[in-house]
Amino acid sequence: CEPVWLASDIHLGPDNPRTSETFYRFLAHARNRAGALILLGDIFDVWIGDDWIRHPPPWLELALHHLRETGQTLPMWILGGNRDFLIGDKLAHHLDARLIRDQCLLRITSHGKDKPSKHTVTQPDKKFLLAHGDEFCTEDLKYQRFRRIVRNPALQSCFMLLPLSLRTQIARRARQTSQQTDRSPHEASYDVQDTALAMALQNSGAHCCIHGHTHRPGHFPVHTAQSGDLSRWVLPDWECDHHCGREPERGGWMEIDQSGLVLRGLIDLPARI
Ligand code: OKV
Ligand code: MN
């Protein structure tokens, strides 16, 4: 059975054309090799509502084209992140994708579609909790307050009543202000908090969470008071436009199947032919 591929934090938008081009190359690569694709949030740097699809700026038209082509080729799931939380059913439908409304479980079964024969050694199912990750950054009080406001359904309805042009302006302002005032994402208090993640894992019955958001890819233990071997895998963010100096372009994805899981970097992405 083909592997499930996961990616997040691409931040598609007008300001990062190189990142976008690299991601489109990734999508074409995924179309040939993945069994399914799950995008775990912050696919877009800004999302001002699904009605944007009907009047897309050029960069968005291109992004929608590549995503839709992928959705029509592979089973695809999308989840909103802290930036593109306004993603809804209309976008999912347009992309031939399924919308993940909140967190969900990914179950990797040992025999897929094939019936296990008496000769097959069936391993126990593996369950992963999938999330964007911002919901676990509970020590970032300023962000959590912002989150509660913009996730308020009544406020969202008001925002959606505004014309696209005004929403674009508000979004630009919001991002400018946040760039000027938000603290460095490298502070520990900005990271995922083990207590919040442990609670979500215990409620879901999974032992491992896969998320993005923190831009610190890798595998980390989740320490808890109770015993139990909890951990999280963090997907990388994508940054090919503003990477500085000798530091390489960032980006990558995860592949999971019955045999295990691996994080891939842009070095694993074939060059354009
Ligand atoms: C997304 C973030 C800007 C962080 C506003 C209601 C309200 C939606 C919105 C406006 C902003 C998304 C949609 C954007 C995330 C920022 C700055 C910081 C830390 C309302 C519903 F409240 F005004 F009515 N927004 N945009 N930030 O530009 O994409 O995540 S955004
Ligand atoms: Mn994020």
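Keep in mind it's a predicted model, so treat the numbers as computed, not measured.

Calculation rules
Residues numbered from 1 in each chain as written. Chains lettered and ligands numbered in written order. Predicted model: local features only at pLDDT ≥ 70, side-chain atom pairs only at ≥ 80, totals over all residues. Heavy atoms only, no water. Buried < 20%, exposed > 50% of the residue type's maximum accessible area, 1.4 Å probe, protein only. Helix = DSSP H or I, 4+ residues; strand = E, 2+ residues; numbered from the N terminus. Contact = heavy atoms within 4.5 Å. Donors = N, O, S within 2.8 Å, 3.2 Å for Na, K, Ca; no water. Near = heavy atom within 4 Å. Polar contact = N/O pair within 3.5 Å; in protein donor to acceptor, adjacent residues only side chain to side chain. Areas by Shrake-Rupley, 256 points an atom, 1.4 Å probe, with all protein chains shown as cover. Nonpolar A, V, L, I, M, F, W, Y, C, P; charged D, E, K, R; others polar. Core = buried A, V, L, I, M, F, W, Y, C linked by side-chain atoms within 4.5 Å. Phe/Tyr/Trp six-rings, centres within 6.5 Å; stacked < 30°, edge-to-face > 60°.

Asker: Talk me through helix α7 (residues 194-204); I want residue IDs and the actual numbers.
Answerer: Every buried residue of α7 is listed here: A196, L197, A198, A200, L201 and S204. Check the buried side of α7 and you find it contacts β5 (104-108), β6 (126-130), β7 (208-211) and β9 (231-234). Remark: G205 follows α7 within two positions and exhibits a positive phi of approximately 80°.

Asker: Tell me about the environment of M160, and please be specific about residues and values.
Answerer: Examined against the element boundaries, M160 turns out to sit in helix α5 (residues 153-161). In sequence terms M160 and L86 are 74 residues apart; their C-alpha atoms lie 9.6 Å from each other. Those residues in contact with M160, other than ones at most four positions away along the chain, are I48, G49, D50, D51, L86 and R167.

Asker: So, the coordination of the manganese ion (ligand 2): which residues are in play, and what are the values?
Answerer: Reference values for angles at a metal are 109.5 degrees in the four-donor tetrahedral case and 90 or 180 degrees in the six-donor octahedral case. Protein coordination at the manganese ion (ligand 2) comes from D42 (OD), N82 (OD1), H132 (NE2) and H213 (ND1), with a distance range of 2.1 to 2.4 Å. Each donor residue of the manganese ion (ligand 2) lies on the same chain, and together they follow the pattern D-x39-N-x49-H-x80-H. Here D42, found in the loop between β2 (36-39) and α2 (58-71), pairs with H132, found in the loop between β6 and α4 (141-150); they are 90 residues apart in sequence, far enough to count as distant. A relative accessible area of 1% means that D42 is categorised as buried. For H132, a relative accessible area of 2% gives the class buried.

Asker: Got a sec to walk through the site of ligand 1? Specific residues and values, please.
Answerer: For ligand 1, the set of nearby residues contains 17 residues, the closest of which are V46, N82, R83, F146 and A171. One of the side-chain nitrogen or oxygen atoms of N82 is found 3.0 Å away from an oxygen atom of ligand 1. Note that an oxygen atom of ligand 1 is positioned 3.4 Å from one of the backbone N or O atoms of R83. Protein chains bury 89% of the 630 Å² of accessible surface belonging to ligand 1 in isolation. Considering only residue class, the shell around ligand 1 consists of 12 nonpolar, three polar and two charged.

Asker: Requested: an account of the nonpolar core, with residues and values cited.
Answerer: The biggest cluster of nonpolar side chains holds 41 residues, and the ones touching the most others in it are L12, F23, F26 and F44. For this core, the secondary structure elements donating two or more residues are β1 (4-7), α1 (17-33), β2, α2, β3 (76-79), α3 (89-94) and α6 (164-181). When near neighbours in sequence (up to four residues on either side) are disregarded, L12 contacts S20, F23, Y24, I43, F44, D45, V46, W59, A63 and L67. Counting residues in each nonpolar core, the second largest holds 16 residues, with I38, L79, I108 and M254 among its members.

Asker: Can you explain the packing of aromatic side chains? Please cite residues and give values.
Answerer: Scanning all chains against the criterion turns up 12 aromatic pairs. Ring centres 5.9 Å apart and planes at 25° place the aromatic pair W5 and F26 in the stacked group. Residue W5 is found in strand β1, and its partner F26 is found in helix α1; the two are separated by 21 residues along the sequence. Judged on exposure class, the residue W5 and its partner F26 are both buried. Relative to W52, the ring of W47 has its centre 5.4 Å away and its plane inclined at 70°; by these criteria the two rings are edge-to-face. Grouped by ring-pair contacts, the aromatic residues W5, F23, Y24, F26, W238 and W253 constitute a single cluster.

Asker: I'd like to hear about the side chain of D134, residue by residue, with values.
Answerer: Structurally, D134 can be placed in the loop between β6 and α4. Take D134: its relative accessible area is 1%, and that puts it in the buried class. Every residue in contact with D134, bar those within four places of it in the chain, is listed here: N82, Y143, Q144, R147, R151 and H213.

Asker: Outline the environment of E139, listing residues and values.
Answerer: Topologically, E139 is positioned in the loop between β6 and α4. Note on E139: relative accessible area 47%, which makes it partly exposed. Remark: the alpha-carbon pair of E139 and V192, spanning 53 residues in sequence, is separated by 8.3 Å. Setting aside residues up to four positions removed in sequence, E139 forms contacts with S189 and Q193.

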